[in-house]
Amino acid sequence: MSQMLTISDFPAHVRLMLLTARSRPRASEIEQIRELVGGQGPALDWQGFLAVTEHHRVSPLIYETLNQIRPEGLPEFVRDELQRRARMNAFEALNSVRKMEQIVARFAVAGIELSPLKGVALSQLLYGNPNMRHVGDLDLLTEPLRLPEQMALFAELGYTLINPRSRMTPNRLASYVHFWKDFTFRSGDGRTEVDLHWRLFNNRFHAANRLLKEASYTNVTVFGITMRVFSLEDQFLYCAAHGAFDSWTYLKTLVDLSGFLRLLSAAELDRALERAAQLGLLAQVSGAIHLANDWMGTEILSPRLLSPEEATARRSREHTTKMLLVQDFKPDRSYSSPAQWLRLELQLVPGVRSLAEVAQRFVWRPRVWTTVDLPDELFWFYPVLGLLLPPRFYSVEE
């Protein structure tokens, strides 16, 4: 029997995380926070609270909420730890913007435009503060043109290509760009990893990839630096699709989604849902909104939404719930077999073309190139090796 849980079904420390991670909390939510922190109910596992907030990468927003509400009963060591994380995140946000400014400026000299995805730009757009979202990798969007030149520009700026790790011959580069969505570079000081995207998702047939051809953009200013980013509605759609594909492993993305739902006007949300239907994303977006209704206190009842019982929407919520419960509310991305990886992707991108895409990506995977370094003249032999050499690790990001 599948489990479809609401926030009331979770342990107190998880409920507190989900309540305090809400932007613009309502009076009723503030009262629930005060009751949980004040000990009106089961004893709260404060170490567990710190563990899940760190795992799900929502500490800065939670610190901001608790600092504004100042509920009685909050242990000093919890406040101090959240404050330490928030300060560290603020430094990382500033470092991220500085690195981004340097990269974007150098690429602009070469006539190449980059746009940030998520990150501090989304934090500014969604929360009005660049420090509210956990700072991780720096994601930049480019065109899949002049990529050897773009790789050389990163090397000039002191970055090393770490994914893929194999040397990039012309045939390997063409194959990689066809089947995969980004390169990963690491800065010389080791503090920053940059994902350079030419697609949003690996699978070329994922409906959200159409956003790139039809996206609308806006400008946002972060620490005095103006950035060109997806419009609020397109950011919302990308957030929902990204979270669904990631099975909401880190609830940071669900927190962002609920932030969108509290920020978007009824007319803006209606336009976004209409666009989701046109793109073929309505099932994934509907599942995301139903999950936010269950866990993040949103109350979206738009007639444009698909039913909570629609197959894709329900499977996404069931899988997310299962992962949380099985892994003590701190799930990871790992998948133990190609079958699990295949099943996840094909649920969200069904069809024969998608199946063929996933199969070809498996046999042309770059890790085989690293294991057996053939010359480009023998590149045609790699699909055979891809079938013979067992995969070492699978994740939704591979």
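Everything numeric here is computed off the predicted structure, so don't read it as measured data.

Engineer: Please clarify how the nonpolar core should be interpreted in this entry.
Structural biologist: Grouped burial of nonpolar side chains is what soluble globular proteins tend to show. Core analysis: the largest hydrophobic core is formed by 76 residues, its most contacted members being Phe49, Phe236 and Leu257. The dominant element in this core, judged by the number of residues it contributes, is helix H10 (residues 232–245), at eight residues. In this structure Phe236 touches Leu257, Phe260, Leu261, Leu264, Leu269, Ala272, Val285 and Ile289, once residues within four positions along its chain are discounted. Tyr176, Phe179, Phe185 and Val229 belong to the second largest nonpolar core, which has 40 residues in total.

Engineer: What is the right way to read the sheet that holds strand S5 (residues 193–197) from this model?
Structural biologist: The strands making up a sheet are joined through hydrogen bonds of the backbone, oriented either antiparallel or parallel. Taken in spatial order, the five strands of this open sheet run S1-S2-S5-S4-S3, and their pairing is mixed. Edge strands, defined here as strands with exactly one partner in the open sheet, are strand S1 (115–117) and strand S3 (160–163). Going across the sheet, the axis of each strand differs from the next one's by a mean of 35°, ignoring polarity. Two elements, S3 and strand S4 (residues 182–186), share three bridges in a ladder whose sense is antiparallel. Note that in S4 the partner of Asn163 across the bridge is Thr184.

Engineer: Even after reading the chapter, I still don't get a nonpolar patch on the surface, so can you show me in this structure?
Structural biologist: On the surface, Leu378, Trp380, Phe381, Val384 and Leu388 cluster together to form a nonpolar patch covering roughly 500 Å² of accessible area. Relative to the assigned elements, Phe381 resides in the loop between helix H17 (366–371) and helix H18 (382–388). For Phe381, a relative accessible area of 30% puts it in the partly exposed group.

Engineer: Just to check I follow, could you spell out helix H4 (residues 59–69) for this structure?
Structural biologist: The α-helix winds at 3.6 residues per turn, so residues separated by three or four positions along the chain end up facing the same way. With eight of 11 residues buried, H4 is to be regarded as a mostly interior element. Listed in full, the buried residues belonging to H4 are Ser59, Pro60, Leu61, Ile62, Tyr63, Thr65, Leu66 and Ile69. For H4, the secondary structure elements touched by its buried residues are helix H1 (12–20), helix H2 (27–37), helix H3 (46–55), helix H5 (76–109), helix H6 (119–127) and helix H11 (252–263).

Engineer: So what exactly am I meant to see when it comes to the environment of Leu141 here?
Structural biologist: Within the secondary structure, Leu141 sits in strand S2 (residues 138–141). Here Leu141 falls in the buried class, since its relative accessible area comes to 8%. It is 37 Å that separates the C-alpha atoms of Leu141 and Val78, two residues lying 63 residues apart in sequence.

Engineer: Before we go on, may I ask you to explain the packing of helix H12 (residues 266–279) against helix H13 (residues 282–295) in this structure?
Structural biologist: Helix-helix packing: each pair is described by the crossing angle between the helix axes and the interaxial distance. Two elements in contact, H12 and H13, have axes separated by 7 Å at closest approach and are oriented at 140°. Judged on the interaxial angle alone, H13 and H12 are oblique. Taken together, the residues of H13 that come into contact with H12 (itself represented by Leu273, Ala276 and Ala277) are Leu282, Val285 and Ile289. Here the residues of the contact of H12 with H13 sort into six nonpolar, no polar and no charged.

Engineer: What am I meant to see in the pattern of salt bridges here?
Structural biologist: A side chain of one charge can pair with a side chain of the opposite charge if their charged atoms are brought near each other. For the coordinates displayed, the defined rule picks out 28 salt bridges. Note that Asp256 is salt-bridged to Arg133, the shortest N-O span being 2.8 Å. Note that Asp256 is positioned in helix H11 and Arg133 in the loop between H6 and S2, a separation of 123 residues in sequence. In terms of burial, Asp256 and Arg133 fall into one category: buried. Taken together, the shared-partner salt bridges connect Arg22, Arg26, Glu29 and Arg262 into one network.

Engineer: Is there a simple way to think about the side chain of Arg275 in this case?
Structural biologist: Among the structural elements, Arg275 can be located in helix H12. If near-sequence neighbours (up to four positions away) are discounted, Arg275 is found in contact with Leu211, Glu214, Ala215, Asp234 and Leu237.

Engineer: Looking at this structure, how should I read the pairing of strand S6 (residues 217–222)?
Structural biologist: The two faces of the sheet receive side chains in turn, since in a regular strand these alternate between them. Pairing of S6 with strand S7 (residues 225–230), which is carried by six bridges, proceeds in the antiparallel orientation. For Tyr217, the partnering residue across the bridge sits in S7 and is Phe230. In sequence, S6 turns back onto S7 through a hairpin of two residues, with Phe223 there showing a positive phi of about 50°.

Engineer: What am I meant to see in the environment of Phe201 here?
Structural biologist: Secondary-structure assignment places Phe201 in the loop between S5 and helix H9 (211–214). Separated by 44 residues in sequence, Phe201 and Leu157 have C-alpha atoms that sit 26 Å apart. When near neighbours in sequence (up to four residues on either side) are disregarded, Phe201 contacts Lys181, His206, Ala208, Asn209, Tyr238, Ala241, His242 and Phe245.

Engineer: Where do I start with the packing of aromatic side chains in this structure?
Structural biologist: To describe a pair of aromatic rings, one takes the distance between the centres and the angle between the planes. According to the stated counting rule, one finds 21 aromatic pairs in the structure shown. Ring centres 5.2 Å apart and planes at 5° place the aromatic pair Tyr176 and Phe183 in the stacked group. Pair check on accessibility: Tyr176 and Phe183 agree, each one buried. Their ring planes at 75° and their centres at 6.2 Å tell us that Phe183 and Phe185 sit as a pair that is edge-to-face. The same class applies to Phe183 as to Phe185, namely buried. Members of the aromatic cluster, joined through ring pairs, are Phe107, Phe154, Tyr159, Tyr176, Trp180, Phe183, Phe185 and Trp198. We note Arg228 situated over the ring of Tyr217; from NZ or CZ to the ring centre the distance is 3.6 Å. We note Arg365 situated over the ring of Phe362; from NZ or CZ to the ring centre the distance is 4.3 Å.

Thresholds applied
- Residues numbered from 1 in each chain as written.
- Predicted model: local features only at pLDDT ≥ 70, side-chain atom pairs only at ≥ 80, totals over all residues.
- Heavy atoms only, no water.
- Core = buried A, V, L, I, M, F, W, Y, C linked by side-chain atoms within 4.5 Å.
- Buried < 20%, exposed > 50% of the residue type's maximum accessible area, 1.4 Å probe, protein only.
- Helix = DSSP H or I, 4+ residues; strand = E, 2+ residues; numbered from the N terminus.
- Contact = heavy atoms within 4.5 Å.
- Pairing = 2+ DSSP bridges.
- Axes fitted to C-alpha atoms, helices over the stretch in contact; angles between N-to-C directions.
- Patch = residues over 30% accessible without salt bridge, like charges linked within 9 Å, V, L, I, M, F, W, Y side chains within 5 Å.
- Areas by Shrake-Rupley, 256 points an atom, 1.4 Å probe, with all protein chains shown as cover.
- Salt bridge = Lys/Arg side-chain N within 4 Å of Asp/Glu carboxyl O.
- Parallel < 35°, antiparallel > 145°, perpendicular 65-115°, else oblique.
- Nonpolar A, V, L, I, M, F, W, Y, C, P; charged D, E, K, R; others polar.
- Phe/Tyr/Trp six-rings, centres within 6.5 Å; stacked < 30°, edge-to-face > 60°.
- Lys NZ or Arg CZ within 6 Å of the ring centre and 35° of its normal.

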